[in-house]
Amino acid sequence: MKNLGIIYHSAHGHTARFASHVAKGACSVSNVTVSEISVTNIDTPEILTGFDGLILGSPTYLGGVSAPFKAFMDSTGGLWRKQSLRGRLAGGFTVSSLPSGDKLSTLTSMFIFSMQHGMMWIGNPFLPGTLDGENPEQAINRLGSWTGAMAQAKHGTPPEQAFVQGDLLGAELFGRNFAQALGGHCPQRQAA
């Protein structure tokens, strides 16, 4: 079994909801155990050493990760010094209320953080469904990100109503792809 940690911060519940869909996709792969952990519940960064892979998640605030997520990242200096996370897989996702919202800078921050720890980054391999004329609300990767998963949450809307279906499906596919890369095996599909 491989252990996957989904480490995230969510101030208003939107990033947590997206994280749960990433976890749902990862859980669909056998041989992978998934733990969802808010950075506000992490007492010591050493918990990260118990995972074979880490998916990082943060809302994008003012073009970067949230302050609690940045504080979590900064708390891992001792792990960095020992290179305790070297060789693990890493990936990331972010949510903001605007179509761009400078989400790429948030994913880039997570990428650099992971590289400094010696981790190997898994991006988002899915082409935007809109390229095939799919309705943008149903299309996966509609925001066109290959660095990691991105989603737009409707501003001022409760988390359970904030996302279009394509963003949530994209989160599940992102989690599934990561879990497969981690070494899990996809359950056999039955022919229709």
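The rules behind the values
- Residues numbered from 1 in each chain as written.
- Predicted model: local features only at pLDDT ≥ 70, side-chain atom pairs only at ≥ 80, totals over all residues.
- Heavy atoms only, no water.
- Helix = DSSP H or I, 4+ residues; strand = E, 2+ residues; numbered from the N terminus.
- Rg over C-alpha atoms; globule rule 2.2 N^0.38 Å.
- Buried < 20%, exposed > 50% of the residue type's maximum accessible area, 1.4 Å probe, protein only.
- pLDDT = per-residue confidence, 0-100.
- Contact = heavy atoms within 4.5 Å.
- Expected span 1.5 Å × (residues − 1).
- Pairing = 2+ DSSP bridges.
- Right-handed = clockwise from strand over helix to strand, strands pointing away.
- Core = buried A, V, L, I, M, F, W, Y, C linked by side-chain atoms within 4.5 Å.
- Polar contact = N/O pair within 3.5 Å; in protein donor to acceptor, adjacent residues only side chain to side chain.

Attention now goes to the overall build of the protein. Across its full length, the protein carries five helices and seven strands. Put simply, the protein runs from its N terminus to its C terminus through helices and strands in the order β-α-β-β-β-α-α-β-α-β-β-α. The C-alpha atoms of the protein give a radius of gyration of 16 Å, which matches the 16 Å a tight globule of 192 residues would have. Dimensions of the protein along its principal axes, counting C-alpha atoms only, are 50 × 45 × 25 Å. Buried positions account for 49% of the 192 residues belonging to the protein.

A word on the confidence of the model for the protein. Averaged over every residue, the pLDDT of the protein is 94; residues scoring 70 or more account for 96%. Under a pLDDT of 50 for its full length, residues 188-192 has, in the predicted model, one contact with residues more than four places off or in other chains.

The next thing to look at is helix 1 (residues 14-27). Here helix 1 is 14 residues long and its end C-alpha atoms lie 20 Å apart, about the 20 Å a rise of 1.5 Å per residue gives. Taken together, the buried positions of helix 1 are His 14, Thr 15, Phe 18, Ala 19, His 21, Val 22, Ala 23, Gly 25 and Ala 26. In the core, the buried residues of helix 1 are packed alongside strand 1 (2-8), strand 2 (32-38), strand 3 (53-61), strand 5 (89-96), strand 7 (149-152) and helix 5 (165-182).

For the rest of this paragraph, the subject is the pairing of strand 2. As paired elements, strand 1 and strand 2 share seven bridges and run parallel to each other. Paired with Ile 7 across the strands is Ile 37, a residue of strand 2. Handedness of the crossover joining strand 1 and strand 2 through helix 1: right-handed.

Further remarks concern the nonpolar core. One finds Leu 4, Ile 6, Phe 18, Val 22, Ile 55, Phe 93 and Phe 163 to be the most contacted residues of the largest nonpolar core, which totals 27 residues. Mapped by element, the contributors of at least two residues to this core are strand 1, helix 1, strand 2, strand 5, strand 7 and helix 5. Top element by residues in this core is helix 5. It accounts for six residues. Setting aside residues no more than four positions away along its own chain, Val 22 makes contact with Ile 6, Ile 55, Phe 93, Ala 171, Phe 174 and Gly 175. One finds Ile 37, Phe 51, Phe 72 and Leu 107 within the second-largest nonpolar core, a separate group that totals 21 residues.

Attention now moves to the pairing of strand 5. When you tally the buried positions in strand 5, you get eight out of eight residues, the bulk of the element. On strand 5, burial covers both faces: Leu 89, Gly 91, Phe 93 and Val 95 on one face and Ala 90, Gly 92, Thr 94 and Ser 96 on the other are all buried. Looking at chain direction, strand 3 and strand 5 are connected through seven bridges and run parallel. Its bridge partner being in strand 5, Gly 53 is matched across the sheet by Leu 89.

Here the focus is the environment of Thr 76. Position of Thr 76 among the secondary structure elements: in the loop between helix 2 (67-74) and helix 3 (77-82). A residue is classified by how much of its surface remains accessible, and Thr 76, at 1% relative accessible area, is buried. Along the backbone, Thr 76 and Pro 45 are 31 residues apart, and their C-alpha atoms lie at a distance of 5.7 Å. A distance of 2.9 Å separates the side chain of Thr 76 from the side chain of His 117, its partner in a polar contact.

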